[in-house]
Amino acid sequence: MVNSITVEIPDIGSFDSVDVIEILISEGDKIKKEDPLITVESDKASMDIPSPVDGTVTKILTKVGDAVKQGSPIIEVNITKVNKNDTKKEEKVSEKKEAPKKIAESVKTKDTEESDLNCDVAILGSGPGGYTAAFRAADLGQTVILIERYSTIGGVCLNVGCIPSKALLHTAKVITDAEDTGSHGVTFTKPEIDLEKLRDWKSNRVVKKLTMGLSQMAKQRGVQVIEGYGEFSSSNQISVKLVDGSQKTIGFKSAVIAAGSQSTKIPGMPEDDRIMDSTGALELKDIPKKLLVIGGGIIGLEMGTVYDAMGSDVSVVELTDGLIQGCDRDIVRPLHKRMEKRFENIWLGTKVSKLEVKKEGILVHFEGENAPKELLFDRVLVAVGRKPNGNNIGAEKAGIAVDEKGFIAANKQMKTNVDHIYAIGDIIGQPMLAHKATHEGKIAAEVIAGEKVEFQAMTIPSVAYTDPEIAWAGITEEEAGEKNIEIEKAVFPWAASGRAISTNRTEGMTKLIFDKKTNRIIGAGIVGTNAGELIAETVLSIEMGADAHDIGLSIHPHPTLSESVAMASEIKEGTITDLYIKKK
């Protein structure tokens, strides 16, 4: 029996009407209860309208651009009910459904014969994206094997990247904060640095604590971890070279590539222990008297911050005309000014043309309008970016497309050109950030488990954990100019912040960028103490489609640096009382 009904817009709260921005189904589609039908948007947020029933879509009664309200018709649906007398028909349907299962079983039997281990989901790489995908997939009922080259879970980020660098940056901040208190009337003696103890704290009390916690969670979820170097041997198998040199073949139904990236090397660069990448710099073998950082990006400046606080004379050379490209210059400027005072040199628009290994150090040759003559350094840190590992995983054996740079293209569901193989994180493109990979890992796991999800984040924040910190999200002012987006910006200087004044760190600022047509916030940039923590509020505001009125009306605690976000919004609204702004 067929019963036809009209599905209507349900209760949508206090909104008089909302706009249809996407139709998610087509006529003839079979749908289940809770499947999304359309996406609607108010002036504050967007939401999916789910189906209240199982059935077949016979007619779509709305279109993109329609203003709809509670009771507005969306679709007509045929609800099919099976009679008890239709046993034969039910058996036929059952037979049809069983056929694909038999095929799947035969394939699985074949894989079982050829593979040492089999799983629903194999994940190559256990960084933040990889272990997130593994844990989420396990939580959703999948059998999971996680392949990792390091002896502990966490990948580059936890073992030799994000986490150990933040541990050392914390120590550096304590040292420089102690130096700065001299102006408050409190003076400390020069710190004595026990490198062995500092390395032990970083490795065993920070990194090990986190990686052991992850290993425990993997066991609790039944995720099997294989230590070794993995490469695809076919579209349904990964061959892993184990630490003892033997090989183990993993058969899978689905795979997630989370193999990350590696430090970029300068062509022709000589091999010498005194020429380091970021991993080498984190080993903290010694505190060099003179350190050259090649690259004025986030990684180079973070490590420069650490070594400067420890006592090195740090010089930075950057090929472009500014530090931390991709961020607005007014946000970078306070950091640049502080680093000019602390660092020995910052050379912009300057290229390193040659590195010579000498007994007494590394002799560096420079090119550029303001380039110095060749100089001798005790150590050199090369931080000129990272390149994806797409060409190092045997992708061609699985039929996975990899571009000339080593990136693997993935769609919004994290699928590669091979439908059952997914890719996330650094290996699929910029920005190369752990929190982006984590988000993508969850999506990949949920899609594999049959959920209808995709990557929909409107912005991915970036943070430089320097001193002061820099953070930005959404559209930058420079980007808006390039794309001819009409904007209004509001900047609150931390010189007017009670909290910033009380900590003697007033060089910061909070800048919000609004779309001139909609008045919604579309971007933000913050420089100052804990900017990386403050940026989260602006990310949420962008995702929620908030305007200056919404942010300004949200009561912020006083005295805090977070108030600067609300005060910038009040500047946009013209309601600010903590500054005097002459009316135009």
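## A closer look at the state of the cysteines
Per the counting criterion, the structure on display carries one disulfide. The disulfide that involves Cys-157 links it to Cys-162, with 2.5 Å between the sulfurs. With the S-S dihedral at roughly -130 degrees, the linkage between Cys-157 and Cys-162 falls on the left-handed side. Overall, the relative accessible area of 11% leaves Cys-157 in the buried class.

## Side note on the sheet that holds strand β17 (residues 313–317)
Across the sheet, which stays open at both edges, the five strands sit in the order β15-β22-β16-β17-β18 with parallel pairing between neighbours. For this open sheet the edge positions go to β15 (275–276) and β18 (345–347), each flanked by a neighbour on one side alone. Note: β17 against β18, three bridges, orientation parallel. In the sheet register, Ser-315 faces β18, and the bridge partner there is Asn-345. Helix-sheet contacts for helix α7 (residues 298–310) involve β16 (290–294), β17 and β22 (379–382), and the interaxial angle to β17 is about 165 degrees.

## Overview of the packing of aromatic side chains
Summed over the entire model, instances satisfying the criterion amount to three aromatic pairs. Between Tyr-131 and Phe-135, the aromatic rings sit 5.7 Å apart at their centres with planes inclined by 45 degrees, giving tilted as the arrangement. A residue pair is termed a helical-turn pair when its members lie 3 or 4 positions apart in one helix, as Tyr-131 and Phe-135 do in helix α2 (residues 128–139) at four residues. Accessibility expressed as a relative area gives 18% for Tyr-131, which makes it buried.

## Points about the nonpolar core
Tyr-307, Ile-324, Leu-381 and Ile-470 are the most contacted members of the largest nonpolar core, which totals 36 residues. Elements with a minimum of two residues in this core: α4 (162–180), α5 (195–221), α6 (278–282), β16, α7, β17, α8 (329–342) and β26 (469–474). In terms of residue count, α7 provides more of this core than any other element does, six residues in total. Within the second largest apolar cluster, 27 residues are counted, among which are Phe-135, Cys-157, Ala-444 and Ile-448.

## Topic: the packing of α7 against α8
It is the contact of α7 with α8, at a shortest axis distance of 11 Å, that shows an interaxial angle of 35 degrees. Seen from above, α7 lies across α8 with left-handed handedness. Mapping the contact onto sequence places Leu-301, Thr-305, Asp-308 and Ala-309 in α7 and Leu-335, Met-339 and Arg-342 in α8. Here the contact of α7 with α8 is built from residues that sort into four nonpolar, one polar and two charged.

## Here we look at the sheet that holds strand β29 (residues 521–528)
Spatially, β25-β26-β29-β28-β27 is the arrangement adopted by the five strands of the open sheet, whose pairing is antiparallel. The open sheet terminates on both sides in strands that have one partner only, identified here as β25 (462–464) and β27 (487–493). Each adjacent strand pair in this sheet contributes to an overall mean axis angle of 10 degrees, direction not counted. Here three bridges tie β25 to β26, and the two strands are oriented antiparallel to one another.

## Quick word on the side chain of Ser-312
Structurally, the position occupied by Ser-312 is in the loop between α7 and β17. Within polar-contact distance, the side chain of Ser-312 engages the backbone oxygen of Pro-288 at 2.6 Å. If sequence neighbours within four positions are ignored, Ser-312 has contacts with Ile-287, Pro-288, Lys-289, Leu-291 and Tyr-307.

## A short note on α7
For α7, spanning 13 residues, the distance from its first C-alpha to its last is 19 Å, which sits close to the expected 18 Å at 1.5 Å a residue. Burial of α7 is extensive: eleven of the 13 residues sit out of reach of the surface. Looking only at α7, the buried set comprises Gly-300, Leu-301, Glu-302, Met-303, Gly-304, Thr-305, Val-306, Tyr-307, Asp-308, Ala-309 and Met-310. Looking one or two places after α7, you find Gly-311, whose phi comes out positive at around 120 degrees.

## Points about the confidence of the model for the protein
Across the protein, the average pLDDT comes to 91, with 92% of residues at or above 70. Every residue in residues 82–113 scores below 50 in pLDDT, and together they form eight contacts with partners more than four places removed in sequence or on other chains.

## Observations regarding the environment of Leu-512
Tracing the chain through its elements places Leu-512 in strand β28 (residues 509–515). Sequence-wise, Leu-512 and Arg-379 are 133 residues apart; in three dimensions their C-alpha atoms are separated by 40 Å. With residues near it in sequence (within four places) discarded, Leu-512 still touches Glu-488, Lys-489, Ala-490, Ile-521, Gly-523, Ala-524, Thr-538, Val-565, Ala-568 and Ser-569.

## Let's talk about the pairing of strand β13 (residues 247–257)
Most of β13 is tucked away: eight of the eleven residues are buried. Inspection of the sheet shows strand β9 (residues 117–124) paired to β13 by seven bridges, in the parallel sense. Paired with Leu-117 across the strands is Ile-250, a residue of β13. Relative to β13, strand β12 (residues 237–242) runs antiparallel, the two sharing five bridges. Bridging across to β13, Lys-241 finds its partner in Gln-247. Connecting β12 to the antiparallel partner β13 that follows it, the hairpin turn spans four residues, and Gly-245 within it adopts a positive phi of roughly 95 degrees.

Calculation rules
Chains are numbered independently. Their residues run from 1 in the order of the written sequence. Reporting in this predicted model follows two pLDDT cut-offs: at least 70 for local features of residues, and 80 or more for side-chain atom pairs to be given and counted; totals over whole chains, interfaces and linings ignore these cut-offs and use all residues. Note that water and hydrogens are dropped before the side-chain values are worked out from all heavy atoms of the structure. Only a pair of cysteine sulfur atoms within 2.5 Å counts as a disulfide in this structure description. A simple rule labels every residue: compare its accessible area, found with a 1.4 Å probe on the protein chains alone, to the largest value its type can have, and call it buried under 20%, exposed over 50%, or partly exposed in between. A pair of strands counts as paired when DSSP detects no fewer than two bridges linking them. Helix and strand assignments come from DSSP, with helices taken as H or I runs of at least 4 residues and strands as E runs of at least 2, each series counted from the N terminus. Residue contacts are counted whenever heavy atoms from the two residues lie within 4.5 Å of one another. Lines fitted to C-alpha atoms define the axes here, with helix axes fitted over just the stretch in contact, and angles between the N-to-C directions of these axes take values from 0 to 180 degrees. Two rings from Phe, Tyr or Trp (for Trp, the six-membered ring) form a pair when their centres sit within 6.5 Å of each other. Planes less than 30 degrees apart are called stacked, planes more than 60 degrees apart edge-to-face, and all others tilted. Here, the term nonpolar core denotes a set of buried Ala, Val, Leu, Ile, Met, Phe, Trp, Tyr and Cys residues that are joined through side-chain atoms within 4.5 Å. Here is the rule for handedness: rotate from the far helix to the near one, and if that takes an anticlockwise turn smaller than a right angle the crossing is left-handed, while a clockwise turn gives right-handed. Classes in brief: Ala, Val, Leu, Ile, Met, Phe, Trp, Tyr, Cys and Pro nonpolar; Asp, Glu, Lys and Arg charged; the others, Gly included, polar. The definition of a polar contact used here is a pair of N or O atoms within 3.5 Å, where within protein one atom must be able to donate a hydrogen and the other to accept one, and adjacent residues in sequence count solely through side-chain atom pairs. Given a helix with a known number of residues, its expected span is that number minus one, times 1.5 Å. What pLDDT expresses is the predictor's confidence in each residue, scored from 0 to 100.

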